[in-house]
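So the chains spell out like this:
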Amino acid sequence: MSLPFIIIAFVTLFAAAAAMSLRNLVHCALSLVVALAGLAALYLQLDAQFVGFAQILVYVGAVAILIVFAVLLTRSDATPNQAILAPGWIVGIAVSAVVFATLGWAALNSPGLPKQMPPAPEATVKNIGDLLMTRYVLPLEVIGLLLTAALIGAVIIAMRDDAPKPGSSRGNEAHSSMKLEPPHVGCYGSGKNGGGI
Amino acid sequence: MTPLQGCLLVSALLFAIGLAGAVTRRNAILALVGIELMLNAANLNFIAFWRYGPHPEALTGMMVVIFSIAIAAAEAAVGLALIIAIYRHYKTANLDEMKNLKG
């Protein structure tokens, strides 16, 4: 194990532990950014350049911003003054310690794990693109569909769906126009949804 | 300890940290962050086994990680949208106070 690996691993693990244990949620999100960037550095150490930079783009760039947005939108950016851990937290810590012990024991005692690194494979973007367009084209399409559905679903879930207030003029107007002219029912529906955003 | 075992230990510890956070923290966003950490630990395992495995030129582990990152992004988007929708209803992001399934 090289010294850079040990340093990056310590930074990553320390930042992950901080992200899970700090009181203020904004500090947690920033520690999470450090942990994810450390993971990207670990990927670069393991000669997976494309994955490392994808990790930085997706996690450090997008997911961390999403989490900060969620922290601010749910107004949990102030330091909470009640307990931050759920009542049964000792059981949770014990379960995760048991999980770590099991995984660590398996990693240290498995026979037949390769001892040294084989020569670095040629994992260029061209090779990855070739594979994505030939052997993995079906999973790629499925992932594209999944991402589209998930993002549309996220927008619909997070959209404010309460109807406009009874006093608002727009709803009343649309309602009366629907009564007078039945062909405008479609307009009423779209107007109501549009007013809800 | 071989380098592969070092990677596996790091990812096991990362998984345990994420699990502990997801199970014990009261805030829903932190639970989601813990799940993200667990996903990342699994990704690190895939990359480590790909790099030290017998056929790294097939790029299988790397492909799994690329797809897994895409799925994790979708999961984060949907999860945070759910948290925001729940916050709008209950006016809290505290998991202990979300007791009713029916609005």
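Residues numbered from 1 in each chain as written. Chains lettered and ligands numbered in written order. Predicted model: local features only at pLDDT ≥ 70, side-chain atom pairs only at ≥ 80, totals over all residues.

*Asks:* Teacher, can you tell me more about helix H6 (residues 137–158) of chain A here?
*Replies:* The α-helix advances 3.6 residues per turn, and as a result positions three or four apart in sequence lie on the same side. With 22 residues, H6(A) should reach 32 Å at 1.5 Å per residue; the first-to-last C-alpha distance of 31 Å fits that figure. Along H6(A), the residues that are buried comprise Ala150(A), Ala154(A) and Ala158(A). Buried residues along H6(A) cover an arc of 40° about the axis, so they all sit on one side. Away from the buried face of H6(A) by more than 90 degrees, exposed residues Val137(A), Leu138(A), Glu141(A), Val142(A), Gly144(A), Leu145(A), Thr148(A), Ala149(A), Ile152(A), Val155(A) and Ile156(A) are located. Considering only its buried residues, H6(A) is in contact with helix H3 (60–90) of chain B. (Helix = DSSP H or I, 4+ residues; strand = E, 2+ residues; numbered from the N terminus. Expected span 1.5 Å × (residues − 1). Buried ≥ 20, exposed ≤ 12 C-beta atoms within 10 Å, placed from the backbone. Arc of directions from axis to C-beta. Contact = placed C-beta atoms within 7 Å.)

*Asks:* How should the interface of chain A and chain B be read in this particular structure?
*Replies:* Interfaces are often described in size by the accessible area the parts lose on coming together. With 68 residues of chain A at the contact, the number on the chain B side is 61 residues. Here the side of chain A that touches chain B gets 12 residues from one element, more than from any other, and that element is helix H4 (residues 89–109) of chain A. Of the residues that constitute the side of chain A that touches chain B, the class distribution is 57 nonpolar, eight polar and three charged. (Nonpolar A, V, L, I, M, F, W, Y, C, P; charged D, E, K, R; others polar.)

*Asks:* How should the environment of Gln116(A) be read in this particular structure?
*Replies:* All names here are of chain A. Along the polypeptide, Gln 116 turns up in the loop between H4 and helix H5 (125–133). Classification of Gln 116 by C-beta neighbours within 10 Å gives exposed; the count is 8. Residues Gln 116 and Thr 12 lie 104 residues apart in sequence; the distance between their C-alpha atoms is 23 Å.

*Asks:* How do you make sense of the environment of Leu113(A) when you look at a structure like this?
*Replies:* Summarising the element assignment, Leu113(A) is placed in the loop between H4 and H5. A residue is classified by how many C-beta atoms lie within 10 Å of it, and Leu113(A), with 14 of them, is partly exposed. Beyond its immediate chain neighbours, meaning those up to four positions away, Leu113(A) contacts Thr2(B), Leu4(B) and Gln5(B).

*Asks:* Would you mind showing me how to read unusual backbone geometry here?
*Replies:* As a rule of thumb, non-glycine residues mostly have phi less than zero, and peptide bonds are mostly trans rather than cis. Unlike most non-glycine residues, Asp47(A) shows phi in positive territory, near 65°. Among the secondary structure elements, Asp47(A) is positioned in the loop between helix H2 (25–45) and helix H3 (49–73). The class for Asp47(A) is partly exposed, based on 19 C-beta atoms found within 10 Å. One non-glycine residue, Leu59(B), lies in the positive phi region at around 60°.

*Asks:* Whenever I open this one, the packing of H3(A) against H3(B) confuses me. Can you help?
*Replies:* Any two packed helices are characterised by the angle at which their axes cross and by the distance between the axes. Two numbers describe how H3(A) lies on H3(B): the axes approach to 10 Å, and their chain directions differ by 5°. One finds that H3(A) runs roughly parallel with respect to H3(B). Every residue of H3(B) that contacts H3(A) at Val51(A), Ala54(A), Gln55(A), Val58(A), Ala62(A), Val63(A), Leu66(A), Ile67(A), Ala70(A) and Leu73(A) is listed here: Met62(B), Val65(B), Ile66(B), Ile69(B), Ala73(B), Ala76(B), Ala77(B), Leu80(B), Ile83(B) and Ile84(B). (Axes fitted to C-alpha atoms, helices over the stretch in contact; angles between N-to-C directions. Parallel < 35°, antiparallel > 145°, perpendicular 65-115°, else oblique.)

In short, the description is geometric, and any link to function would need to be established separately.
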